[in-house]
Amino acid sequence: MNHLQYAKTPPMGWNSWDCYGAAVTEQEIRGNAEYMAANLQQFGWEYVVVDIQWYEPGAVSSQYRPFVPLEMDEYSRLMPAVNRFPSAEGGQGFRPLSDYVHSLGLKFGIHIMRGIPRQAAHAASAIKGSRATARDIAHPNSICPWNTDMYGVDAAAEGAQAYYNSLFELYAEWGVDFVKVDDIAASRLYDTHQPEIALIHNAIEHCGRPMVLSLSPGPAPVEYADFFGGHANMWRITDDFWDHWELLLDMFDRCERWQGKAGDGSWPDCDMLPLGHIGIRSVDGGGADRWTRFTRDEQITMMTLWSIFRSPLFFGGELRDNDEWTLGLLTNRDVLDMHNSSSGARLVSRENDRVVWSAEGTNGVKYIALFNTGEAAQTVSVQLTALNLEGPLSVKELWSGEEVPLTGDGLASVVAPHGAVLYRLQPC
């Protein structure tokens, strides 16, 4: 099966990083999965993803602890730390947790780092299916600048493909549906790690289980768009995204550069949604335990841009603490229908701090997003001729649910500072 069939629409789910950093526990994964099944699954949210360091018994926050021992099997493959994931006891790995997530009707995902554990290379540990050892395939000069767990894999070495095949065979046994691979889409030290991306792509095809492949961090180089689309389902177009207005403002530039590249199982990724209760055990992004620092208008702007651009949507907060407002952002059927089924998202105009995006819906529907990135309320408008539209049309603002009369030959709204409005126009 072609990998593009694994994510026909942009994936939607929850990831543990924004609230629990490297220290999430099985109980927290199960609790958020239960919330998703009860409150979000009917709206298309389906992936529950365990982020980094699940193999580190002593992880306490998002701050990495250098050169610490990691749980590993005899074939150089990292295993869940049983003190944090008790159901993994007895070598069961993530299979029991995955089975539980699947029993709720959801899908299960994990985060891994590119490469092979340094401790395996130092010990010359075995590789399943190969006479080579971890030392033979390790590339000690290919390291992650912010995490000391791994060496890169020398893709040309005998045993390199066998190592990645053995990893994904294990993940298939665990019932994994989604794999986020880190330190691979972009690098502060090296170019994009294309040889290892190819090894991983091949390993997924070899393992016989459909798995969505997500590549991090960014910014992924747009000139490699065809390569990413040929090997993965989603790739980050930014470094880690947090609840700072300047990062959200910067995302308009990134989406403009990547417009026209989304669709058909390949999704440029704007990164997670730092909404709700975050920072519980994550100190990244310049904060600690908090509710998102984004204003409500900024939250609407983020959800509107991510949705019309068709970025994957991964919520970062502790779901069980969601208030009515936050839940409402995740369960707006009109917005999610646009995210799920629109096409052709494009920047229509950008004049100073007034930004207009559009996308095509089905049956003649057009979506229009008006953004105000300025510091004071102002009118943002677009002419229907710029959208190749002519009346009569019915107009609905999707966040408020209000029907809006269309007057004259354009669409205009007074938009709050850092805010957005999102319209659906359809023939009457």
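To be clear, the structure that these remarks concern was listed above.
The notes below deal with the structure included here. (Residues numbered from 1 in each chain as written. Predicted model: local features only at pLDDT ≥ 70, side-chain atom pairs only at ≥ 80, totals over all residues. Heavy atoms only, no water.)

With respect to the layout of surface pockets
The following threshold applies: The rule is simple: put a 1 Å grid over the protein atoms alone, call a set of points where a 1.4 Å probe fits but cannot get out a cavity, call an open set with protein on both sides within 12 Å along at least five of seven lines a pocket, and count a residue as lining if it has an atom within 4 Å of a point. Grid points are joined across faces, edges and corners, and a volume is the space filled by probe spheres set on the points. Each residue gets one of three labels, nonpolar for Ala, Val, Leu, Ile, Met, Phe, Trp, Tyr, Cys and Pro, charged for Asp, Glu, Lys and Arg, and polar for the others, Gly among them. A run of H or I in DSSP counts as a helix once it spans at least four residues, and a run of E counts as a strand once it spans at least two, with each numbered from the N terminus.
As a volume, the largest pocket reaches approximately 320 Å³. For the lining of the largest pocket, the per-class residue count stands at eight nonpolar, two polar and 10 charged. As for the second largest pocket, its lining consists of 16 residues, and the residues nearest its centre are Thr9, Met12, Phe43, Gly44 and Asn340. Tallying contributions element by element places helix α12 (residues 333-341) first for the lining of the second largest pocket, with five residues. Split by residue class, the lining of the second largest pocket holds eight nonpolar, four polar and four charged.

Here we look at the sheet that holds strand β21 (residues 419-427)
Test applied: A pair of strands is considered paired only if DSSP assigns at least 2 bridges between the two. Axis lines are fitted through C-alpha atoms, for helices just across the contact stretch, and the angle between N-to-C directions can take any value from 0 to 180 degrees.
Sheet architecture is open: six strands sit in the order β14-β15-β16-β21-β18-β19, paired in antiparallel fashion. Both edges of this open sheet fall to β14 (343-351) and β19 (402-404), since each of them pairs with a single strand only. Pairwise comparison of adjacent strand axes, ignoring direction, gives a mean angle of 25° for this sheet. Note that strand β15 (residues 354-360) and strand β16 (residues 366-372) share seven bridges and pair antiparallel. Residue pairing for β16: Trp357 is matched across the bridge by Ala369.

Looking at the pattern of salt bridges
Filter applied, for reference: One side-chain nitrogen of Lys or Arg within 4 Å of one carboxyl oxygen of Asp or Glu is enough to make a salt bridge. Accessible area is worked out with a 1.4 Å probe on protein chains only. A residue is then buried under 20% of its type maximum, exposed over 50%, and partly exposed in between.
Scanning the model with the defined rule gives 22 salt bridges in all. Residue Arg77 pairs with Asp73 through a salt bridge whose shortest N-O separation is 2.9 Å. As far as the burial class goes, Arg77 and Asp73 line up, both buried. The partner of Asp183 in a salt bridge is Arg114, with the nearest N and O atoms 2.9 Å apart. Of this pair, Asp183 sits in the loop between β7 (178-182) and α7 (194-207) while Arg114 sits in the loop between β3 (107-113) and β4 (116-117), and the two are 69 residues apart along the sequence. Given a relative accessible area of 3%, Asp183 falls into the buried group. In this structure Arg114 comes out as buried when scored by relative accessible area, which is 2%. What you see here is one network of salt bridges that share partners, running through Arg114, Asp183 and Glu196.

Brief notes about helix α3 (residues 95-103)
Note the cut-off: Working rule for contacts: check all heavy atoms of both residues, and any pair within 4.5 Å makes them a contact.
Among the residues making up α3, those that are buried are Pro96, Leu97, Ser98 and Val101. Taken together, the buried residues of α3 touch α2 (26-39), β2 (47-50), β3 and α6 (160-174). A positive backbone phi angle near 85° is found at Gly105, which sits one or two residues after α3.

Some thoughts on the environment of Trp14
With respect to the helices, strands and loops of the structure, Trp14 is situated in strand β1 (residues 12-15). Assessed through its relative accessible area of 1%, Trp14 is described here as buried. Put simply, Trp14 and Glu46 are 32 residues apart on the chain and 8.0 Å apart in space, counted from C-alpha to C-alpha. Aside from chain neighbours lying at most four places away, what touches Trp14 is Cys19, Ile29, Asn32, Met36, Tyr47, Val48, Val49, Phe314, Phe315, Gly316, Gly317 and Leu319.

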